[in-house]
Amino acid sequence: ALRANMQGRPNISVLEGEKGLRQVYNEMEAANSICFWSNLELFEKQFQDIFDKLSGAIGAQQIRTREIISNTPEARKSAKRYALTAGRNYSARIATVEGIHNDNAIYGNVVAIFRLHESNLFVIRIEDATIAQTMKAIFEMAWKSAENFIN
């Protein structure tokens, strides 16, 4: 408890279950921009309603969104469906490496790491400006090496 009030300590929470995931995805609807690296197919398959709602918010609220997706035919199809609603505010690139199995996002000063597999659903939400800036820098490096897909 004493450490939680220390200055400079990041705000870290683990939100469990579908309710926790929905809370963080809903929070993204108020963001100015979002950077994702994800298995978009898995997100769409398990959470179609959130997939549709978030892509709609991106389009309606003009949230600049960039996403690095898994290099699978299914993920490409999901990205195209997402782009239909999100519109010109959404761009996607294809990962040049394998191994993206979940959803991950950076928005504002928040880094969210989701586990979308099986029955053990959760998201680790880290709110800290320096951690978010560092993750954005890593995202930018990955973005530059990813293959163009949706601009």
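Our structure is the block above this text.
Just so we're clear, the structure is a prediction, and the values are computed from it rather than from any experiment.

Caption draft 1: Summary view of the overall build of the protein. Secondary structure assignment for the protein yields 5 helices and 8 strands. Ordered by position in the sequence, the α and β elements of the protein form the string β-α-β-α-α-β-α-β-β-β-β-α-β. In terms of C-alpha radius of gyration, the protein reaches 15 Å, essentially the compact-globule figure of 15 Å for 151 residues. With the principal axes as the frame, the protein shows a C-alpha extent of 50 × 30 × 30 Å. Every one of the 151 residues in the protein was classed for burial, and the buried ones make up 44%. Summarising the internal contacts of the protein: among those between residues at least 6 apart in sequence, 78% fall at separations of at least 24.

Caption draft 2: Summary view of the layout of surface pockets. Taken as a whole, the largest pocket encloses approximately 210 Å³ of empty space. Trp 37, Ile 68, Ala 95, Thr 96, Val 97, Ile 100, Met 135, Ile 138, Phe 139, Ala 142, Ser 145 and Ala 146 are the residues that line the largest pocket. Residue contributions to the lining of the largest pocket peak at 5 residues, all from helix 5 (residues 129-145). Its residues assigned to classes, the lining of the largest pocket shows 10 nonpolar, 2 polar and no charged. A volume near 170 Å³ is recorded for the second largest pocket. Contributing to the lining of the second largest pocket are Asn 39, Glu 41, Ser 70, Asn 71, Thr 72, Thr 96, Val 97, Glu 98, Gly 99, Ile 100 and His 101. Looking at the lining of the second largest pocket, its residues break down into 2 nonpolar, 7 polar and 2 charged.

Caption draft 3: Structural detail: the pattern of salt bridges. By the definition in use, this model includes 9 salt bridges. The closest approach of N and O atoms between Glu 27 and Arg 125, which form a salt bridge, is 2.9 Å. Of this pair, Glu 27 sits in helix 1 (residues 17-28) while Arg 125 sits in strand 7 (residues 122-127); the two residues are 98 residues apart in sequence, bridging distant segments of the chain. On the basis of relative accessibility, which here comes to 29%, the residue Glu 27 falls in the partly exposed class. Note that Lys 53 is salt-bridged to Glu 29, the shortest N-O span being 3.4 Å. Of this pair, Lys 53 sits in helix 3 (residues 48-60) while Glu 29 sits in the loop between helix 1 and strand 2 (33-38), and the two are 24 residues apart along the sequence. By relative accessible area, which is 43% here, Lys 53 ends up partly exposed. Overlapping salt bridges, with partners in common, bring together Glu 18, Arg 22 and Asp 49 in one network.

Conventions and cut-offs
- Residues numbered from 1 in each chain as written.
- Predicted model: local features only at pLDDT ≥ 70, side-chain atom pairs only at ≥ 80, totals over all residues.
- Heavy atoms only, no water.
- Helix = DSSP H or I, 4+ residues; strand = E, 2+ residues; numbered from the N terminus.
- Rg over C-alpha atoms; globule rule 2.2 N^0.38 Å.
- Buried < 20%, exposed > 50% of the residue type's maximum accessible area, 1.4 Å probe, protein only.
- Contact = heavy atoms within 4.5 Å.
- 1 Å grid on protein atoms, 1.4 Å probe; cavity = no way out; pocket = protein on both sides within 12 Å on 5 of 7 lines; lining within 4 Å.
- Points joined across faces, edges and corners; volume = space filled by probe spheres on them.
- Nonpolar A, V, L, I, M, F, W, Y, C, P; charged D, E, K, R; others polar.
- Salt bridge = Lys/Arg side-chain N within 4 Å of Asp/Glu carboxyl O.

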